[in-house]
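# A structural walkthrough
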Amino acid sequence: MKIALPVDEKNENSRICVSYGRAPYYMIFDSDSAKVEFVQNTAADSAGGAGIKAAQLLVNHKVNILITERCGQNAADVLIAGNIKIYRATKALVMDNLKAFLQGELEELSDIHPGYHGHKN
Amino acid sequence: MSIFKKKENKTIIAVLSGKGGTGKTLVSVNLACVIPGAVYADCDVEEPNGHLFFKPINLKKKEIGILIPSINEEKCTGCTKCVEFCKFNALAYVGRVMVFEEICHYCGGCTIVCPEKAITEVNLNIGKVVIGDSEGTRIISGFLNVGSVSGVPIIKDIQKQIKEEEHTVIVDCPPGSACAVMESVQSSDYCILVAEPTIFGSHNLDMVYKLVTLFKKPCGVILNKCDGNENPSEEYCKRNGIDIIAEIPYDSELSDINGNGEIAARVSQKYKDIFMNIAEKIPKVK
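Residues numbered from 1 in each chain as written. Chains lettered and ligands numbered in written order. Predicted model: local features only at pLDDT ≥ 70, side-chain atom pairs only at ≥ 80, totals over all residues.

### Quick word on the nonpolar core
One finds Val15(B), Ala41(B), Ile170(B), Val171(B) and Leu193(B) to be the most contacted residues of the largest nonpolar core, which totals 70 residues. The biggest single contributor to this core is helix α1 (residues 24-34) of chain B, with 7 residues. Discounting chain neighbours no more than four positions away, the residues touching Leu193(B) are Leu16(B), Ser17(B), Leu205(B), Val208(B), Tyr209(B), Cys219(B) and Val221(B). Formed by 52 residues, the second largest nonpolar core is a distinct cluster that contains Ile52(A), Leu58(A), Ala75(A) and Ala89(A). (Core = buried A, V, L, I, M, F, W, Y, C linked by C-beta atoms within 7 Å. Buried ≥ 20, exposed ≤ 12 C-beta atoms within 10 Å, placed from the backbone. Helix = DSSP H or I, 4+ residues; strand = E, 2+ residues; numbered from the N terminus. Contact = placed C-beta atoms within 7 Å.)

Okay, structure coming up:
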């Protein structure tokens, strides 16, 4: 399965990014191949709808799990429709969150926030 | 009062402020009353309040809607051209197309780019425009439904109607300086900026002054609630060479009149004179 985490930097020592929709990159770990790749988040500089575009990106990469500190409603709608499960990150470093997930320590993210909404008129 | 004659000298005056509560509605309602034949247009569609003073009768309602995409899933092949096209990220593809109505800017582009013609547009009601009459003054008010995201389409409809009016129109604008305000000043020939005598008020005056300057609209300032003390908004006008067309003193009699839902120029000779003097000061345009 593929597990995605939003990160500040394009390397495994990075902290997990506090934002999901506007994170600069996603780290995607493939548990079948044990390989890690970094994907640029093209939604980061969107005027609006960043969460939707970020979720679309993960759907397109056939991600199964997202580990994040928080997630907005619009992003969650797309992720859930795309069968991506969302887990709450509890550690500062991305690799610590990944390890915690693989050891079954993380819980699903249940409080989806309404989204910070860029300006709309 | 010659500039307020029919058609050829018809003027559209927008009243704005930046900060809320400075007196836009006070000024726009009372000017509409003292200028013969004038029309009052309330573009503060999130919280219209002019009609509370005018209490218009013979109301004609017009529903306003926006066109939102609707996907025909049988025709959709999942090519995702619509998702890639949408600049607002209002569409997503997860085995089927998802439409985010609140994010959609109803440009209609997705219906054009779909190669299968699987997208049609359906109407989503967002509010209404109500036209009525109050003692000979025509009242046009916009109302945005609670929960709807943007009043701009309603303001656009009002702006179209304003252009058809034969007489002078006073446009009561929304507070602030964002999209709804920009839409409200589009058609105006002259802008009145209403400012309070506070630092906060002067800061917001700066924002709307920059806005009307950007839109190349001639403007003047009305200083409201003046209490004889230092006035940061007055100082701002002097520093920037902005025309001050009137100073309205702070007056508890006025707040009583407003609190009773009455129009000062209609119940008080003193205020009728004040606003007639203000009307005289608005420069001839064109």
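### Comments concerning the sheet that holds strand β1 (residues 2-7) of chain A
All names here are of chain A. Ordered in space as β3-β2-β1-β4-β5, the 5 strands form an open sheet in which the pairing is mixed. Edge positions in the sheet fall to β3 (35-40) and β5 (85-88), since each of these pairs with one other strand and no more. Adjacent strand axes in the sheet meet at a mean angle of 25° when their direction is disregarded. Two strands pair when backbone bridges link them, and strand β2 (residues 25-30) and β3 are joined in this way by 6 bridges, in the antiparallel orientation. Looking at the pairing, aspartate 30 lines up with lysine 35 of β3. (Pairing = 2+ DSSP bridges. Axes fitted to C-alpha atoms, helices over the stretch in contact; angles between N-to-C directions.)

### Considerations on the interface of chain B and chain A
Across the contact, 14 residues belong to chain B and 16 residues belong to chain A. Looking at the side of chain B that touches chain A, its residues break down into 12 nonpolar, 2 polar and no charged. (Nonpolar A, V, L, I, M, F, W, Y, C, P; charged D, E, K, R; others polar.)

### Quick word on the pairing of strand β2 (residues 39-42) of chain B
All names here are of chain B. Both faces of β2 are covered, namely the face carrying Val39 and Ala41 and the face carrying Tyr40 and Asp42. Two elements, β2 and strand β8 (residues 169-172), share 4 bridges in a ladder whose sense is parallel. Opposite valine 39, over in β8, you have valine 169 as the bridge partner.

### As for the packing of helix α1 (residues 50-60) of chain A against helix α2 (residues 73-81) of chain A
All names here are of chain A. Closest axis-to-axis distance for the α1/α2 pair is 7 Å, and the angle between their directions is 25°. Considered as vectors, α1 and α2 are oriented roughly parallel to each other. Every pair of crossing elements has a handedness; the one defined by α1 and α2 is right-handed. Contact residues: Gly51, Ile52, Ala54, Ala55, Gln56, Leu58 and Val59 in α1; Asn74, Ala75, Val78 and Leu79 in α2. (Parallel < 35°, antiparallel > 145°, perpendicular 65-115°, else oblique. Left-handed = near helix turned anticlockwise from the far one by under 90°.)

### Describing the packing of α1(B) against helix α11 (residues 269-281) of chain B
Residues and elements named next belong to chain B. The geometry of α1 relative to α11 is characterised by a closest axis approach of 9 Å and an angle of 85° between their N-to-C directions. Here α1 is positioned roughly perpendicular relative to α11, judged by the angle of their axes. Contacts between α1 and α11 pair Asn30, Leu31 and Val34 from the former with Tyr271, Lys272, Phe275, Met276, Ile278 and Ala279 from the latter. Of the residues assigned to the contact of α1 with α11, the class counts are 7 nonpolar, 1 polar and 1 charged.

### With respect to the domain arrangement of chain B
When its domains are assigned, chain B resolves into domain 1 (2-64 + 129-281) and domain 2 (73-117). For domain 1 of chain B versus domain 2 of chain B, the distance between C-alpha centres works out to 40 Å. (Domains from an automatic or database assignment.)

### Some words on the sheet that holds β2(B)
All names here are of chain B. If you trace the 9 strands from one edge of the open sheet to the other, you get β3-β6-β7-β2-β8-β1-β9-β10-β11, paired in mixed fashion. Both edges of this open sheet fall to β3 (57-71) and β11 (244-249), since each of them pairs with a single strand only. Between one strand axis and the next, the sheet turns by 20° as a mean value, whatever way the strands run. In this sheet, β11 lies alongside strand β10 (residues 219-226) in parallel orientation, the contact comprising 4 bridges. Looking at β11, one finds that cysteine 226 is bridged to proline 249. Strand contacts of helix α8 (residues 232-240): β9 (190-195), β10 and β11, with the helix running at about 160° to β10, the strand carrying the most contacts.

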